[in-house]
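# Survey of secondary and tertiary structure
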Amino acid sequence: MPLRNTPDTYGSVHKALHWLIALAVIGLATVGLIMDDMPNSPDKIKIYALHKSFGLTVLALVLLRLVWRWTNPRPVLPATMKPWEHKLAGFVHFGLYAMLLAMPLSGWLFNSAANFPLKWFGLFSVPPLAGPDRDLKEIAKALHYWGFWLLAGLFTLHVVGALKHHFVDRDDVLKRMLPGKRAASTPLPLETPLPEPAPIAVPAPEPIPENRP
Ligand code: HEM
């Protein structure tokens, strides 16, 4: 498997970043929704600290993924896709990247405005994004909460799209993102000329006999 992307499949770096980020976000969202309702205890503090550290790691991975995406070729989408499908895929991908940046940034902002400590896996302190601020804390908290539901909606569209490619359209779009697999065939180029239709032979009309008296 190549390290870099090629015009017909993703390379190992892109695939590793894709699945690492997906797993981390599912874990972060699950823990994020549960930890708020936990009774106060040293375990709760540890879980919050882990949520923040993994969240900051996702921010770094998403930035790395964007750099990788901009410096690598992008595999072409199948020519069989309709223009509205191209537009929807572009919108969902843009939204996913935006929310994958917005989630950790709003969490970090909330943590800063609430004046909570922030240490990456207990190794080093991460500077606050803002000073203590009650209003900003509420805004950042709402962004983090509603941002999650927006991310969940985009994520659902993304998964439904990938499954449609695989089971309905039966193309290589999902296969080329799976670990260790290569796309089975190169997608058709966008402009595939259709074959010319065979000319239809039209028989010459019968001569009309002259009606003589
Ligand atoms: C992709 C990254 C992240 C995802 C998907 C995520 C997801 C979530 C979710 C779903 C919640 C529950 C929302 C709620 O009930 O209000 C939550 C809560 C929280 N998150 Fe994150 N998070 C991420 C990154 C971060 C980061 C980087 C930080 C801090 C540096 C952070 C700090 C917090 C805090 C403090 C809460 C609790 C909010 C409260 O007390 O109500 N999160 N997160």
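Worth saying up front: this structure is predicted, and the values here are computed from it rather than measured. (Residues numbered from 1 in each chain as written. Predicted model: local features only at pLDDT ≥ 70, side-chain atom pairs only at ≥ 80, totals over all residues.)

Helix and strand counts for the protein chain stand at 4 helices and 2 strands. Listed by position from the N terminus, the elements making up the protein chain come as α-α-α-β-β-α. Counting only residues that meet the buried cut, the protein chain has 15% of its 213 residues in that class. A sequence separation of at least 24 residues applies to 67% of the contacts in the protein chain between residues at least 6 apart. (Helix = DSSP H or I, 4+ residues; strand = E, 2+ residues; numbered from the N terminus. Buried ≥ 20, exposed ≤ 12 C-beta atoms within 10 Å, placed from the backbone. Contact = placed C-beta atoms within 7 Å.)

Moving on: the confidence of the model for the protein chain. Residues shown with low pLDDT carry predicted positions that ought not to be read at fine detail. Taken residue by residue, the protein chain gives an average pLDDT of 90. The fraction at 70 or more is 85%. Ignoring residues within four places in sequence, the model shows residues 184-193, a span with pLDDT below 50, making 16 contacts including any to other chains. (pLDDT = per-residue confidence, 0-100.)

Structurally, the position occupied by Leu3 is in the segment before helix 1 (12-35). Take Leu3: there are 9 C-beta atoms within 10 Å of it, and that puts it in the exposed class. Taking the C-alpha atoms as reference points, Leu3 and Lys15, 12 residues apart in sequence, are found 9.5 Å from one another. Leave out the neighbours within four places in its chain, and Leu3 touches Gly11, Ser12 and Val13.

With 9 residues, the main nonpolar core is built from Val25, Leu28, Val58, Val62, Met99, Leu100, Met103, Phe148 and Leu154. Looking at this core element by element, the count peaks at 3 residues for helix 3 (residues 83-113). Leaving out residues up to four positions away in the same chain, Val62 has contacts with Ile21, Leu100 and Leu101. (Core = buried A, V, L, I, M, F, W, Y, C linked by C-beta atoms within 7 Å.)

In the vicinity of the ligand lie 22 residues, with Gly32, Lys52, Gly55, Pro104 and Gly107 positioned nearest. Per element, the largest residue contribution to the shell around the ligand is 6 residues, and it comes from helix 3. Among the residues forming the shell around the ligand, the class breakdown is 13 nonpolar, 6 polar and 3 charged. (Near = placed C-beta within 6 Å. Nonpolar A, V, L, I, M, F, W, Y, C, P; charged D, E, K, R; others polar.)

Looking now at helix 1. Spanning 24 residues, helix 1 covers 34 Å between terminal C-alpha atoms, matching the ideal 34 Å at 1.5 Å per step. What helix 1 keeps buried is the set His14, Val25 and Leu28. If you follow the buried residues of helix 1, they end up packed against helix 2 (42-70). (Expected span 1.5 Å × (residues − 1).)

On to helix 3. What sets the pattern is the α-helix's 3.6 residues per turn: residues three or four places apart point alike. Helix length check: helix 3, at 31 residues, gives a terminal C-alpha distance of 44 Å against a target of 45 Å (1.5 Å per residue), a fit within 8%. For helix 3, the full list of buried residues reads Met99, Leu100, Met103, Pro104, Ser106, Gly107, Trp108, Leu109, Phe110, Asn111, Ser112 and Ala113. On its buried side, helix 3 packs onto helix 1, helix 2 and helix 4 (134-169). At the C-terminal side of helix 3, Asn115 shows a positive phi close to 60 degrees.

Turning our eyes to something else, we now look at the packing of helix 1 against helix 2. Interhelical geometry of helix 1 versus helix 2 gives an angle of 150 degrees and a closest axis separation of 9 Å. As far as their axial angle goes, helix 2 and helix 1 are roughly antiparallel. Note on packing geometry: the crossing formed by helix 1 with helix 2 is left-handed. Partitioning the contact of helix 1 with helix 2 into residue classes produces 17 nonpolar, 6 polar and 2 charged. (Axes fitted to C-alpha atoms, helices over the stretch in contact; angles between N-to-C directions. Parallel < 35°, antiparallel > 145°, perpendicular 65-115°, else oblique. Left-handed = near helix turned anticlockwise from the far one by under 90°.)

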